[in-house]
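What follows is the residue order along each chain.
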Amino acid sequence: MEQVYNQITNEELLRIIADAPGARAVYSTGQFVIVTANRAMSAVWGVPALKPGQTLEQVAAQLPVNPQYLLLQQAYRTGKPYTAKNIKTEVEGHPIPRYFDICYQPIKNESGEVHSILHTATDVTELNDCLRDHEHVYRDKANSMEKNLLSLVMHAHYGLVILRGSDFIIEIANSEMANIWDKQLADITGRPLLEVLPEFNDQPFPVLLKQVFMTGIGHGQDEAVCYIETPLGRKTKCVSFYYDPLFDEAGAVSGIIVSVANVSDKVHNRQLLVKSYEEQRDLINKLALKNQELQKSEEMLRMSIEAAKVGTWFINVKTLEFTMSPRQRVLFGFHTEDKVSIADLMNQISPEYRGRAQAEFTKVVTIGGLYNTEAPVLGYHDQKTRWVKSSGSVIADEEGTFTYFSGVSIETTEQKQDELRKDHFINIVSHELKTPLTSLKGYIQLLQHKAESVGDEYMSVNLARADSKLDKMTSLINGFLNVHQLESGKIKLTVEQFDLNALIKEVADETNMRRKNTYVAFIANSTAFVKADREKIGQVLVNLLDNANKYSHPSGKIEVYCSENEGQITVSIHDNGIGISMDSQRRIFERYYRVENQDSNFVSGFGIGLYLCHEIVSRHDGKIWVESVEGEGSTFSFSLAAA
Ligand code: ADP
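Residues numbered from 1 in each chain as written. Predicted model: local features only at pLDDT ≥ 70, side-chain atom pairs only at ≥ 80, totals over all residues. Heavy atoms only, no water.

Some details on the site of the ligand
Line of reasoning, step 1. What surrounds the ligand is a group of 21 residues, the closest being Asn-547, Tyr-551, Asp-575, Arg-594 and Leu-610.
Line of reasoning, step 2. Here Tyr-551 contributes a side-chain N or O atom positioned 2.7 Å from an oxygen atom of the ligand.
Line of reasoning, step 3. Coverage of the ligand by the protein amounts to 97% of the 530 Å² it exposes when considered alone.
Line of reasoning, step 4. Looking at the shell around the ligand, the elements that each hand over two or more residues are α18 (534-550), α21 (609-619) and β22 (633-641).
Line of reasoning, step 5. Broken down by element, the shell around the ligand gets its largest block of residues, 3 residues, from α18. (Near = heavy atom within 4 Å. Polar contact = N/O pair within 3.5 Å; in protein donor to acceptor, adjacent residues only side chain to side chain. Areas by Shrake-Rupley, 256 points an atom, 1.4 Å probe, with all protein chains shown as cover. Helix = DSSP H or I, 4+ residues; strand = E, 2+ residues; numbered from the N terminus.)

Here we look at the environment of Arg-164
Line of reasoning, step 1. For Arg-164, the position within the fold is in strand β6 (residues 159-164).
Line of reasoning, step 2. Classification of Arg-164 by relative accessible area gives partly exposed; the value is 29%.
Line of reasoning, step 3. Ignoring sequence-local partners within four residues, the contact set of Arg-164 consists of Ile-169, Glu-171, Leu-246, Ser-254 and Gly-255.
Line of reasoning, step 4. There is a polar contact of 2.8 Å between the side chain of Arg-164 and the side chain of Ser-254. (Buried < 20%, exposed > 50% of the residue type's maximum accessible area, 1.4 Å probe, protein only. Contact = heavy atoms within 4.5 Å.)

Some points on the confidence of the model for the protein
Line of reasoning, step 1. Residues at a pLDDT of 70 or more form 95% of the protein, whose mean pLDDT is 87.
Line of reasoning, step 2. For the protein, per-element mean pLDDT is lowest for helix α1 (residues 2-7), which scores 54, and highest for β22, which scores 97. (pLDDT = per-residue confidence, 0-100.)

Observations concerning the packing of α18 against α21
Line of reasoning, step 1. Where α18 contacts α21, the two axes come as close as 9 Å, and the packing angle between them is 145 degrees. Like other packed secondary-structure pairs, α18 and α21 cross with a definite hand, here left-handed. For the pair formed by α18 and α21, the contact residues are Lys-536, Ile-537, Gln-539, Val-540, Asn-543, Leu-544 and Asn-547 on the first element and Gly-609, Leu-610, Leu-612, Cys-613, Ile-616 and Val-617 on the second.
Line of reasoning, step 2. Residues of the contact of α18 with α21, tallied by class, amount to 8 nonpolar, 4 polar and 1 charged. (Axes fitted to C-alpha atoms, helices over the stretch in contact; angles between N-to-C directions. Left-handed = near helix turned anticlockwise from the far one by under 90°. Nonpolar A, V, L, I, M, F, W, Y, C, P; charged D, E, K, R; others polar.)

A word on the pairing of strand β14 (residues 385-396)
Line of reasoning, step 1. The pairing of strand β13 (residues 370-378) with β14 spans 9 bridges and is antiparallel. Residue pairing across strands places Ala-375 opposite Val-388, the latter belonging to β14.
Line of reasoning, step 2. Sheet topology note: the β14/strand β15 (residues 402-411) ladder contains 9 bridges and is antiparallel. Bridge pairing in β15 links Ser-390 to Ser-409. (Pairing = 2+ DSSP bridges.)

Quick word on helix α17 (residues 500-514)
Line of reasoning, step 1. The first and last C-alpha atoms of α17 sit 21 Å apart over 15 residues, in line with the 21 Å expected at 1.5 Å per residue.
Line of reasoning, step 2. What α17 keeps buried is the set Leu-500, Asn-501, Leu-503, Ile-504, Val-507, Ala-508 and Thr-511. Around the axis of α17, the buried residues are gathered within 155 degrees of arc, so they sit on the same side.
Line of reasoning, step 3. Residues of α17 that are buried sit in contact with β16 (495-499), β17 (519-523), β18 (529-533), α18, β19 (557-565) and β20 (568-575). (Expected span 1.5 Å × (residues − 1). Arc of directions from axis to C-beta.)

A closer look at the state of the cysteines
Line of reasoning, step 1. A complete count under the given rule lists 0 disulfides for this structure.
Line of reasoning, step 2. In this structure Cys-238 is a free cysteine whose sulfur lies 8.1 Å from that of Cys-226, the closest cysteine sulfur available. (Disulfide = S-S within 2.5 Å.)

Here we look at the sheet that holds β15
Line of reasoning, step 1. In space, the 5 strands of this open sheet follow the order β12-β11-β15-β14-β13, with antiparallel pairing throughout. At either margin of the open sheet sits one strand with a lone partner, and together these are β12 (322-324) and β13. Ignoring which end each strand starts from, the neighbouring axes of this sheet average 20 degrees apart.
Line of reasoning, step 2. Contacts from helix α14 (residues 351-367) reach β11 (311-316), β13, β14 and β15, with the element oriented near 155 degrees to β13.
Line of reasoning, step 3. Each of β13, β14 and β15 touches helix α15 (residues 413-454); the most contacted strand, β14, lies at about 115 degrees to it.

Shown next as C-alpha cells:
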C-alpha cells in the first residue's frame, strides 16, 4: 500500500484532484496561488480559466468583496473547514444563477500549519429543481389531505368543534355541531363559546373545558343532559361528548377538540322501551293476578258443581280424548282410578236408550247443535241403576271446526221414578177409562139417534154437546196413552211416502170444520213428498193447529206454510195469539210443561201435546222449534227430509 502511495507523484495527485467530478481546486499560501483547478471550478469563480501559478485575485478582479473569498480566508486563518450549502452563484455562460454546496478544506503540514486549501464545489442546481418539484407535489398532497380532513370534519355525523385558547374561540365547527346547538354555522365560527351559548354558564360544560385546558387530560361523558335556548324556547337534549386537548409545539395546551353525539332520540327510544317493558311487566302481573282469581273462581265453580252433584265431561273432538269430573264417574259407577273411554260410558247406558244416545253423540260432533239425553245407567262397579240426564254442546274454533264437546250430567232417578209412577197411574186410569168411555159414547149415540127420531131438539143438542166433550176426553186419554207408549219405547213408526201438502190440507179442513170461529189459511202451491209415518205427522199437525186455535183470539187468523229448501221440507203454523215468553220457549217441548199466566190458565190442557210433537218429529230425525213474541203471536215449525 505504502509502495503504491509512494509511486503517486505530486503532479499526479494534483491531476487526480483536477479530474475528479465536480469543481475542484487547490490554493496555496495566503495569496491563494492556484496550485491546480479544473474547468468546472473556473465556472464557479466566473472566469474563463484558472491557470496554476496565478493568484485568485489576479483572475477574479472583484474577489476581495466576494463573500466566498472572505470565507476562504477565514478557513485559512482558523485552520477549520468551512462548508456552505446552496450558495447562489452567477456562472459564466449560464443565463440564470446556479447553486453550489461549497467546502473549503484546509491542508496542513506535519507541524499543523495550513499551507493550502482544497476547494470543492458541487453544483446542486438540478437537485434543487428536483427538490422544488417534489416540494410542489408534497404541498399539493398536503393541501388535498387538509381539504379531505376538513370535509371529514364538516360532514361527520357527530358534532365536531375546535376551541382555541382559554376563551374557547370556536375556530372551526361542523354543521352537525351547529344543529346540536340550534345555530347557523356562519353565526358561530370565530366567536367565543360562551358568547354563542351563554346558557352554558349555568351548566357544567365550561368548568369541564377549563379543567381539560389546565390539565391537558381529556374528558368524556355519556348521555349528559344539556339545554339550549332557541327562538322557540328552551330545548333539552341528551348528548355523549368527549373533550380532547390540542397541544402546541412547546407541549402546552392550545385548544380543545370537542366531539358531540346527539343521543336524544336513542335515549328517548330507550326510555319508551323501558316504559313499554314496565307496562308489559305490569300487564303480566295483572294477568297473573287475574289468573289466580280465575283459578280461585274455577275452583269455587268446581266445588259448587260438585256440591250441586252435577257431573261434567269434556271431549277433544279430534283426538276423542275424554275427561270427566269425579261426580260424572259416580253417576256411571266408575272409580277415580278407572281409565274410562267414551265407549265405556256408552256401554253403561241401558240398551234401549244406548242407540239413541250414540246417534245423538255422533250427530252433535259432526253437525253440531245441542246434546240432550235422559237414560237409565247401570253403575259399572256398584251395579246400581240411576237415571242420568245429560246436556252438552260443541265448541268450534275460529275456522268453524268443532274442537271440544263438553256438557253436564245430573241424576234424575227420583224425578224419573215419580214420573214413572205418575205415568203408570195415568196409564192405568186411561186404560180403565177408555172402555167405559167407549160404552158411554155408544150410549150417547144411541140416545142421539132416538132423540132425532122423536124430534126432541133440546135432547139432541145437549147429547151432541155431551158427545163433543166425550171426544175431548177421549183425545186426552189417547194423548196419555201415546206418552206411555213413547216412554216405554213401544211407539212404532209406519213409514210411507206421501205428500205433506195433501195431509196439511186434510188436517186444516178438519180444523176449520171443528173450529168455526177461526180461519185457517192454507198456503201451498205444490207437492211436498216425505217418507214418514202419515198418521203420526198428522197428529203433530192436529196438535199444533189445536194449540194455535186454543191460544188465539176467537177471531184470530191461522196461517200454514210449507216450503222446501236444501232437501228439507219445513211446515210452519203461524198464529197471532197470546205468544210465548223467551223463558217458556226454552222449555215448551218438555213433558207436562204448561205456561203459567193469566192468558193460558183459562185453557185446559196437560202439557203433553208439544212433548208428543217433539218426540214424533225427533223419531223422524226432524227438527221442531218455535218463534214467538209475547202478545203478538207464535210460529211453530217442524222440518223433515224431502223424499
Ligand atoms: P197443553 O195441553 O197445555 O196445550 P201443549 O204441550 O200443547 O200442552 O202446550 C204446552 C204449553 O205451551 C201450553 O200450556 C201453552 O201455554 C203453550 N202453547 C202451546 N202452543 C201455543 C201457542 N200457539 N200460543 C201460545 N202458547 C202456546
